[in-house]
Each structure stands twice: as structure tokens, then as C-alpha cells.
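# A structural walkthrough
Residue strings, one per chain:
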Amino acid sequence: MTENKEYKNVPQYQEEDEMEIDLMEYARKLWAARKLLFKVAGIAVIVGFIIALTTPKQYTASVTLAPEPSKAGGGGLSGIASMLGVGGLSMGSDADALNVQLYPNIVSSTPFILDLMDTPVKTIDEEQSDTTLVGYLKEYTSSSLMSTVMSLPFKAIGGVMSLFKSEEEETGEKAINPFHLTNEQSKTVQGLKKMIVANVDKKTGVTTVSVTMQDPLVAAIMTDTVVVKLQEHITKYRVSKAEDDCKYWEELYQQRQKEYYEAQEKYAKYSDANNNVILQSVRIEQERLQNDMNLALQVYSNVAAQLQMARAKVQEAKPVFAVVEPASVPLQASGTSRMMTLVGTVFLFVAAAAAWVLFGQDFLKKVKEGLSESKEENK
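What counts as what
Residues numbered from 1 in each chain as written. Predicted model: local features only at pLDDT ≥ 70, side-chain atom pairs only at ≥ 80, totals over all residues. Heavy atoms only, no water. Salt bridge = Lys/Arg side-chain N within 4 Å of Asp/Glu carboxyl O. Helix = DSSP H or I, 4+ residues; strand = E, 2+ residues; numbered from the N terminus. Buried < 20%, exposed > 50% of the residue type's maximum accessible area, 1.4 Å probe, protein only. Patch = residues over 30% accessible without salt bridge, like charges linked within 9 Å, V, L, I, M, F, W, Y side chains within 5 Å. Areas by Shrake-Rupley, 256 points an atom, 1.4 Å probe, with all protein chains shown as cover. Axes fitted to C-alpha atoms, helices over the stretch in contact; angles between N-to-C directions. Parallel < 35°, antiparallel > 145°, perpendicular 65-115°, else oblique. Left-handed = near helix turned anticlockwise from the far one by under 90°. Nonpolar A, V, L, I, M, F, W, Y, C, P; charged D, E, K, R; others polar.

Side-chain pairs of opposite charge can arise where the charged atoms are in close proximity. If you walk through the whole model with that rule in mind, you get eight salt bridges. One salt bridge in this structure joins Glu 265 and Lys 269, with 3.1 Å as the shortest N-O distance. Taken together, the residues span about one helical turn, with Glu 265 and Lys 269 both in helix 10 (residues 216-273) at a distance of four residues. Here Arg 288 makes a salt bridge to Glu 285, at a shortest N to O gap of 2.2 Å. Here Arg 288 pairs with Glu 285, and both are found in helix 11 (residues 280-316), just three residues apart, close to one helical turn. Judged by relative accessible area, which is 26%, Glu 285 ranks as partly exposed. Residues participating in the shared-partner salt-bridge network are Glu 285, Arg 288 and Asp 292.

Shown next as C-alpha cells:
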């Protein structure tokens with residue numbers, strides 16, 4: 001048994017020895033190629049410095065909203081129903097299709113983004129020059145060097161395609177159609193979706209709306225605008241449901257009121273016409289008309305109570321948004337700092353060069369040897 005244990009442990013020591021040999025071999029290769037690595041590092045410093053200087057600063061403004069307390073069990077409407085004496089009646093479920101978890105989806109939806117494009121904004125350097133959000137993105141923003149270089153092939157293709165377009169198609173500006181956006185409008189919408197972000201804490205429901213722009217004042221203005229638009233969107237949805245219910249009960253109230261008045265009038269006319277008559281058939285008919293009037297009154301009273309509850313629900317349906325942290329003009333730039341950009345560029349260049357020294361050269365050598373062997377076999 002002892003011999004078997006020792007025999008089983010032998011491969012583990014061999015693997016550790018081979019790993020040490022491989023690491024030593026890697027270190028030897030890197031040391032032999034140290035001049036190449038230093039040259040790559042120097043080039044990376046220059047490239048990283050250019051990227052850091054040409055990348056525009058980004059500023060992020062944010063607003064924190066507290067969740068609206070849930071109205072379980074109908075909220076204050078249950079008290080109104082009990083006062084009206086119709087506690088058994090129900091106004092329906094309080095379930096809401098637009099809950100807090102869907103706020104990020106609303107903010108990133110295309111109709112919501114399109115509604116923000118005509119928002120008037122001011123830049124912090126030229127506060128008196130008013131422009132819209134779309135005008136700001138076209139005139140006052142710039143792209144980084146990396147994105148400009150990456151977009152050159154697409155711009156060249158677009159220039160070639162523009163040669164085949166008529167002058168009307170080039171100069172004419174199409175109105176925004178959410179169902180069919182142009183290529184430029186679609187790029188603007190996608191860019192704004194990355195700049196405007198809403199996050200919801202699943203445990204507490206606290207919502208944070210943040211907007212990132214190259215101008216700090218524009219970022220603060222757009223953050224306030226997004227919050228206001230979000231409030232209007234949620235309020236319109238919830239109040240519209242309550243207003244539809246209120247309109248339904250208003251129409252039903254008018255119908256039941258008319259029916260009650262007609263039943264009351266019939267009973268009164270019949271009673272007046274047969275005031276001194278003591279026939280049993282007359283009494284039965286009078287009792288029947290009185291029962292119809294009482295039933296119509298009961299239905300009319302219930303519908304009137306439901307109408308009062310529906311009117312109260314219109315006001316109760318309006319959501320309450322408690323702003324915990326309001327928007328302010330950011331003083332410090334957000335995102336990756338220039339030093340981190342420089343360090344990251346150097347690291348990526350040196351890592352790529354090290355991977356080439358350790359694996360790329362051997363792989364290329366094996367590929368060339370395989371090609372030469374296949375040529376000799378074909379001969």
C-alpha cells in the first residue's frame with residue numbers, strides 16, 4: 001500500500017517540475033526580448049498620451065428618487081367606501097403594469113428618447129446661446145480620436161453611397177417618425193440611450209437617473225428633464241386608467257338616475273290617479289311600482305357611491321415622487337481619468353507584445369514549417 005501511494009504522488013511532482021520549467025522558459029524569453037518590450041512600452045506611452053488628450057471629458061449628473069409607498073388593500077378608498085356604506089363594493093385590483101422595476105425600460109424606450117430631442121439646453125461656456133439637445137449633439141460635441149479612426153471606413157462607405165442619392169434626399173430633413181427612423185436618427189437615439197441611464201435598487205426600489213454629457217450644465221438640465229418626463233409618463237398612465245373608470249361610472253350614474261326618476265314618476269302618477277280606490281288589484285300594482293322605485297333607488301345609490309370612489313381614485317392615482325438627491329451641475333469629470341487611460345494603453349500594448357514573444361512567434365514558426373512540409377509532399 002505504501003508503494004502505491006508513493007507511485008501515485010510521482011506524477012504530481014513531475015507536473016510541478018514541468019510548471020517551474022515552463023515559467024523559467026517564459027521568463028527567459030521575456031528577458032531576451034526586453035528591448036522589444038521597452039520599445040513597445042515607449043510607443044504605448046505616446047499613443048496613450050494622444051488618446052488621453054484627444055478624448056473629450058464626460059460629466060455625469062444624477063437624481064435619486066424614493067419609491068412611492070404601495071397602496072395595499074385599496075389605500076384610502078376603503079375608508080371612503082365604509083363611510084358611504086358600500087364596503088362590499090370593489091374598485092378593482094390595485095395592480096399596476098408600470099411598477100418601479102420598469103422605470104429603466106421606460107427611460108431607454110425610443111418614444112421616450114425622441115420626446116427629449118427638442119429639449120432646450122445651454123452650455124456652461126455660452127449660457128446665453130440656447131439650442132436643443134439635437135443641436136447640441138451636432139454642434140457642441142466631439143468624438144474621441146479612437147472612435148474617429150474606427151468610423152473612417154463607415155464614413156467612406158457613406159460618402160460613396162451619397163453619390164447615388166438625389167439632392168433632395170441629401171438636403172431634405174425628414175420629420176421624426178418613431179415607426180420608421182432614418183439612419184442618422186437611429187444613431188442619435190442609440191447614442192442617447194447610452195448617455196441616459198436609470199437604475200433601480202431591487203431591494204429598496206430607490207431609482208437613480210443619471211445623464212452623461214460632455215458639458216456639465218447640459219448634463220444637469222437633461223437630468224432634470226428626464227425626471228420630469230418620467231413623472232409625466234407615469235402620472236399620465238395611472239391617471240388615464242382612473243379617468244377612464246370615472247367616465248364609465250359617470251355614464252352609468254346618469255343612466256341609473258334617469259331610471260330611478262322614471263320609476264319614481266310612475267309610482268307618483270299611479271298613486272295620485274288611484275288615491276281613493278280600494279281595489280286589491282290597484283294596491284298590488286301600486287306595491288309593485290313602489291318596489292321598482294325602491295330597487296331603482298338602491299341601484300342608483302350604489303352607483304353614486306362608486307362614482308364618488310372613482311373621483312377620489314383619480315386624485316389618489318397620481319404618483320408621488322420624492323426626490324432624495326436633486327440634480328446639480330457636476331464639477332468633476334466622470335469616467336476614466338487620463339492617467340488610467342495612459343496606464344491601460346501601456347498595459348495592453350506590453351501584454352500584446354509579451355503574448356507575441358511567448359506564443360505568437362512559436363505559432364507562426366510552426367505554421368511556416370507545416371506549409372513548407374506540405375509543399376515538399378506535393379512535389
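Below, the discussion takes up a nonpolar patch on the surface. Together, Ile 43, Phe 347, Leu 348 and Phe 349 line one region of the surface with nonpolar side chains, adding up to about 430 Å² of accessible area. In this structure, Phe 347 sits in helix 12 (residues 338-378). Judged by its relative accessible area of 59%, Phe 347 is exposed.

Two elements in contact, helix 10 and helix 11, have axes separated by 8 Å at closest approach and are oriented at 160°. With respect to helix 11, the axis of helix 10 lies roughly antiparallel. Seen along the crossing, helix 10 lies across helix 11 with a hand that is left-handed. Residues belonging to the contact of helix 10 with helix 11 are distributed by class as follows: 23 nonpolar, seven polar and ten charged.

Before going further, it helps to spend a moment on the environment of Lys 138. With respect to the helices, strands and loops of the structure, Lys 138 is situated in helix 6 (residues 133-139). Placed 50 residues apart in sequence, Lys 138 and Thr 188 show a C-alpha to C-alpha distance of 9.6 Å.

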